[in-house]
Amino acid sequence: SVQSNGVRVFWHPLHHSNFRGVRVPSREPPEVVGVHTTHNDTELYGAVADMLQVHTPHVRFEHTDPAARFSNTGGHVVSPAQTDLVVRQLTELDVTILRSAGCMAHLN
């Protein structure tokens, strides 16, 4: 089970402010599980992708790297327009996975 593997599931507020009130459309069943991060956490990504393949092969895993999407600003979100894009990017994921471990520079 998830708990026996030391994984906890909880609601986490958006990393970026969602002042526009953008809502994530609900899809049943979910189609996309993923992460929105610059960290290349292959250990986490591999475990999630393997679990999806075994238990829900119709669901795909996606890693959205804002550094790639905002390469013109070095991956940094520096304007309200870019924040709006981040919020919209998050709506591409039905379920968002994150690892809360502080600075993870060792993963880059």
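The structure displayed is predicted, hence computed values, not measured ones.

Moving on to the nonpolar core. Residues Val33, Val35, Leu44, Tyr45, Val48, Leu52 and Val59 constitute the largest nonpolar core, which totals seven residues. Among the secondary structure elements, those contributing two or more residues to this core are β1 (32–36) and α1 (42–55). Residue contributions to this core peak at four residues, all from α1. Discounting chain neighbours no more than four positions away, the residues touching valine 33 are Val48, Leu52, Val59, Arg60, Phe61, Glu62, Val95 and Ile97.

The next subject is the pattern of salt bridges. Inspection of every chain in the model, using the stated rule, returns four salt bridges. Among the salt bridges present, the one from glutamate 31 reaches arginine 27, with a minimum N-O distance of 3.8 Å. For arginine 27, the salt bridge identified is with aspartate 94, shortest N-O distance 2.9 Å. Of this pair, arginine 27 sits in the segment before β1 while aspartate 94 is found in the loop between α3 (80–90) and β3 (95–96), placing the two residues 67 residues apart along the sequence. One salt-bridge network, in which partners are shared between bridges, spans Arg27, Glu31 and Asp94.

Looking now at the sheet that holds β3. Across the sheet, three strands lie side by side as β2-β1-β3; this open sheet has parallel pairing. In this open sheet, the two edge strands, each paired with only one partner strand, are β2 (60–64) and β3. Here β1 pairs with β3 via two bridges, running parallel. Directly across from glycine 34, in β3, lies its bridge partner threonine 96. Packing against the sheet, α1 makes contact with β1 and β2, and its axis sits at approximately 155° to β2.

The way to describe two aromatic rings as a pair is by their centre distance and the angle between their planes. All chains considered together, the criterion is met by one aromatic pair. Measuring from centroid to centroid gives 5.5 Å for tyrosine 45 and phenylalanine 61, while their planes differ by 40°, and the two rings are tilted. Taken together, the residues tyrosine 45 in helix α1 and phenylalanine 61 in strand β2 connect sequence positions 16 residues apart.

Rules used in this analysis
- Residues numbered from 1 in each chain as written.
- Predicted model: local features only at pLDDT ≥ 70, side-chain atom pairs only at ≥ 80, totals over all residues.
- Heavy atoms only, no water.
- Core = buried A, V, L, I, M, F, W, Y, C linked by side-chain atoms within 4.5 Å.
- Buried < 20%, exposed > 50% of the residue type's maximum accessible area, 1.4 Å probe, protein only.
- Helix = DSSP H or I, 4+ residues; strand = E, 2+ residues; numbered from the N terminus.
- Contact = heavy atoms within 4.5 Å.
- Salt bridge = Lys/Arg side-chain N within 4 Å of Asp/Glu carboxyl O.
- Pairing = 2+ DSSP bridges.
- Axes fitted to C-alpha atoms, helices over the stretch in contact; angles between N-to-C directions.
- Phe/Tyr/Trp six-rings, centres within 6.5 Å; stacked < 30°, edge-to-face > 60°.

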